[in-house]
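# Observations on the three-dimensional arrangement
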Amino acid sequence: MTSVRAAARSALCRLLGMAVTLLVTSFLVFSSLYLAPGDPAAFLVRGRSPSPDELAAIRQQYGFNDPFPVRYWHWLDGVLHGDFGRSYLFHQSVASVLWSRLPATLLLVGVSTLMIAVVGVGAGIVGALRRGTRTGSAVLLMVTVGAAVPSFVAAIVLRSVLGVKLGWFPTIGNGTGFVDQLHHVVLPAIALSVTFMALVTRVTRSAMLDELRREHVEVALSRGMPRGAVIRRHVLRNALGPIVTVCGLLVSGMLVSTAIVETAFGMSGVGSLLVQCVDELDFQVVQAIVLLVVAAFVVVNTAVDLVYPLIDPRVRAAGGAR
Amino acid sequence: MPLLSYEDLSVLLPGMARPVLDGVSLSVAAGEAVALVGESGSGKSVTARAALGLLPPGATTAGQVTVDGCALIGADPATVRAVRTGKASMIFQDPRAAINPVRRIGDFLTEALRLVDGRGRAEAEARALDLLAAVGLPDPPRHLRQYPHQLSGGMLQRVMIAGALTADPRLLLCDEPTTALDVTTQAEIMAVLRALQQDRGLGLLLITHDLDLAAAGCDRIYVMYAGRIVETATAAELLATPRHPYTAGLLGSSPPLHGAPERLTPIPGVPMGLLESAPGCAFAARCRFARPGLCDQSPPELAPVGERLVACHLADSILSEVDR
C-alpha cells in the first residue's frame, strides 16, 4: 500500500503548494493596489470639502498612514480570520457585500460551465468523428467564428436578437426565484461561454483525433467491440486529459470575464461589483475579489492536478517515483 | 474446407503503382500452424488483417477471404463482427501500443466478454483468470488489477495472447508477435503460442520476417515478396532446399543456428516500394539469376515444382543450383 501513501503525500504537497501560492498572491494583490494611483481618503470624503485636519483624521482612522508591512499584516490577519475589511462604498463588511453578489455569479459560471461541457465537448466529439464530412466542416466553422467573437459582442448580438427582437429572454437584471433567475442567466451564459466553448471544442476534437489514430483503438475494433463502446471506452476516455485540463483553466478564467458579461447584461454579481468598485476606488472590495479569483484559479487547477492521476494511471507511477 | 482460405486476394490502394496484395492464395487448416514470411512492406500484415475484415481505408479488393465458412470481402458488418468475436483473433506486434494504457489489464481481458457476449463481471473475470494462468503469468488476480505500464513487454504480450483467446477463437492470427520483445522472451512467447495452438487445436497464421522462427514454430511456410506469394512448402523442405532465389536469399542473410558462423550474404538492393512496379518478376532487379528477356517480361505464376509451389520463371532449370 506504499502507492496509497505516495499518493497521499503528493496530494499533501499539492495542498501546501496551493497555500503558498495563495499567500504570495495575497501579497501581490495587496501591494499592487497600494501602488495604484488615487487616494482612498479623497474618495471617502467625496462631495464634501474637508479641512486638511479632517483628512488627516480620516487617514489616521483608516490606518492609511501606517507603513506598508503593517497595513499588509493587518489586512492578511483579517483575511485569515474571514474579515476582508469594510466597503467604503456600501458601508458594509466586504464579506457581506460579496456574499450577496456571489450566488448570481456562481449560477452564471455554473450554467456556462455546463454549456461548455455539454456543447463544447459534444461538438468536439462530433467534429472528430465526422471529420471530412459536411458536419465536420460545420463544426470547424463554428469553432473559428466562436473563437473570434468577444463576449461583449456576443452579449450585444444576443440581447438585440433573442432578447429584444424575438423577446424570448429578458435582457437585463438577475430575476427573482430560481426559474426566473435561470431564464435571466441563459443569454449571459451563452455570451460568456462562446469563446471558451470554441476553445474546448477545438481541444476535444484534436485530442479525439489523436486517440482515434492509436493502435489500441483498431485492436479493440478488431476484437469485435461495438464502435460506440470503443469510442466511449478507448477514444473519449483517453482524450479526457487535455479536455479536463483546458476546462479547468477556462472555468477559472470565466470568473474574470463575468466582469464584462454581467456589466453588459446589467446583472448584479461579483463581476459587475468588481467594475463598480474599481471605478469608485473601493480597494477593500477589489482586493477581496481579486483574491477570490486567484483562489478559484488555484483551487480549480489543484483539483485538476489531483484528478489527473485518475485519468492517466501512468502519471500516478511517475508521481510515486519522484 | 480449410479454416482460413485466401482465394486470389488482391488489394489495391489509390495512388499506388502496384497492388499491395496481388493474387494471394493461402490456406490454414484447423489445428495447423502456418507461417507467412516476408520483408517489411511485402504485404504480410495486410494479408493477416484482411482475415478480420480490416482493410486499409480506400482499398479496392478482388478475390475472397473465408474464415470458418464466412466470406469477408464485401461482407455485411454482422458477418465481420461474427468472425471477430468468435472465429478469429489477432495478436499484434507491440502489446504496449495494442492495449489501452489507461485501462486495467482486467478491463482489456473482460470488455469483449461483457460488452459483446453480455456476460456478468464475475463470470468474465473468472474466465480472464483462467486465461492468464493458461498463458503462464504468475499472479493472475493481481494482474487483473494492474495497468499495462506495470508489466514487462513479455508479460504484456502474454496478456495480449490471453485477450485473443477470450472469444474462444478457432483461428489465431499472429502479426510479428515477438518482434517487439527481447530474444529470450521471444522463445517463451513462441512456446506459449505453440502449446496453446496444439492444446486447443487452433489454426495459426504466423506473420514474421524471421524464416528460422517460422520454421521452428510452423508446419508450412508461405514466402511473400511485393504482395505475391513466391514460394510455399513444408517448413522442413523450404529450409533444406529453398527453390525461389528470394527464399534462398532470406536464408543466406540470416546466421546459421548450428555450425560455424559464416559471412552473411545479404540480398542486394531494397524491396520494391508501393510506388514502383515492374512488368515482370518483382524480384528480378535483385535476383542474381535473372535472365533479361525472360524475367523482366511477365510476372511468373505460382506453379508446382515437385511437392511445392514456386513463382519463378527459372524454377525448373537453374534453381536446382540454389543452396544455402
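How each quantity is defined
Residues numbered from 1 in each chain as written. Chains lettered and ligands numbered in written order. Predicted model: local features only at pLDDT ≥ 70, side-chain atom pairs only at ≥ 80, totals over all residues. Heavy atoms only, no water. Helix = DSSP H or I, 4+ residues; strand = E, 2+ residues; numbered from the N terminus. Rg over C-alpha atoms; globule rule 2.2 N^0.38 Å. Buried < 20%, exposed > 50% of the residue type's maximum accessible area, 1.4 Å probe, protein only. Contact = heavy atoms within 4.5 Å. Areas by Shrake-Rupley, 256 points an atom, 1.4 Å probe, with all protein chains shown as cover. Lys, Arg positive; Asp, Glu negative; His and termini not counted. Charge placed at Lys NZ, Arg CZ, Asp CG, Glu CD. Buried area = accessible area lost by both parts, 1.4 Å probe. Salt bridge = Lys/Arg side-chain N within 4 Å of Asp/Glu carboxyl O. Nonpolar A, V, L, I, M, F, W, Y, C, P; charged D, E, K, R; others polar. Pairing = 2+ DSSP bridges. Axes fitted to C-alpha atoms, helices over the stretch in contact; angles between N-to-C directions. Domains from an automatic or database assignment.

## Side note on the overall build of chain B
When its secondary structure is counted, chain B shows 11 helices and 12 strands. Whereas a compact globule of 324 residues would reach a radius of gyration of roughly 20 Å, chain B reaches 20 Å, a difference of no more than 12%. Across its three principal directions, the C-alpha atoms of chain B cover 65 × 50 × 35 Å. The buried share among the 324 residues of chain B stands at 53%. Look at the contacts in chain B between residues 6 or more apart in sequence, and 64% of them connect residues 24 or more apart. Only carbon and sulfur atoms are counted for the fraction: they give 54% of the accessible area of chain B, which is about 13500 Å². The averaged location of the 34 negative side-chain charges in chain B is 6 Å from the averaged location of its 28 positive side-chain charges.

## Digging into the interface of chain A and chain B
Taken together, the contact pairs 23 residues of chain A with 27 residues of chain B. With both sides pooled, the region where chain A packs onto chain B buries about 2300 Å², and carbon together with sulfur makes up 54% of that total. It is S222, R223 and R233 of chain A in chain A that bury the most area against chain B; as a group they hold 30% of the surface buried on that side. Applying the counting criterion to the chain A and chain B interface returns four salt bridges. Here E111 of chain B makes a salt bridge to R223 of chain A, at a shortest N to O gap of 3.6 Å. Broken down by secondary-structure element, the contributors of at least two residues to the side of chain A that touches chain B are helix 9 (215-222), helix 10 (227-264) and helix 13 (313-321) of chain A. Of the residues assigned to the side of chain A that touches chain B, the class counts are nine nonpolar, five polar and nine charged.

## Digging into the sheet that holds strand 3 (residues 33-37) of chain B
Residues and elements named next belong to chain B. Spatial strand order, 6-7-8-3-9-10-12-11: eight strands in an open sheet with mixed pairing. Only two strands of the sheet have a single partner each, and these edge strands are strand 6 (88-91) and strand 11 (303-305). Between one strand axis and the next, the sheet turns by 25 degrees as a mean value, whatever way the strands run. Against the sheet, helix 11 (residues 245-252) touches strand 3, strand 9 (220-225) and strand 10 (228-234), its axis set at about 100 degrees to strand 9.

## Some words on the domain arrangement of chain A
Residue and element names in this part refer to chain A. Partitioning chain A into structural domains gives domain 1 (2-93) and domain 2 (94-321). Distance between the C-alpha centres of domain 1 and domain 2: 30 Å. Taken together, the contact pairs 31 residues of domain 1 with 27 residues of domain 2. Roughly 2500 Å² is buried in total at the junction of domain 1 and domain 2, and carbon and sulfur atoms are behind 71% of that figure. The largest share of the area that domain 1 buries against domain 2 comes from R14, L33 and F84, three residues that together contribute 22% of it. Viewed at the interface, domain 2 and domain 1 are joined by one salt bridge. For D305, the salt bridge is made with R14, and the minimal N-O distance between the two is 3.6 Å.

## Focus on helix 11 of chain B
All names here are of chain B. For helix 11, a buried count of eight out of eight residues is recorded, marking the element as mostly surrounded by other parts of the structure. Taken together, the buried positions of helix 11 are P245, Y246, T247, A248, G249, L250, L251 and G252. For helix 11, the elements touching its buried residues are strand 3, helix 9 (211-217), strand 9, strand 10 and helix 10 (235-240).

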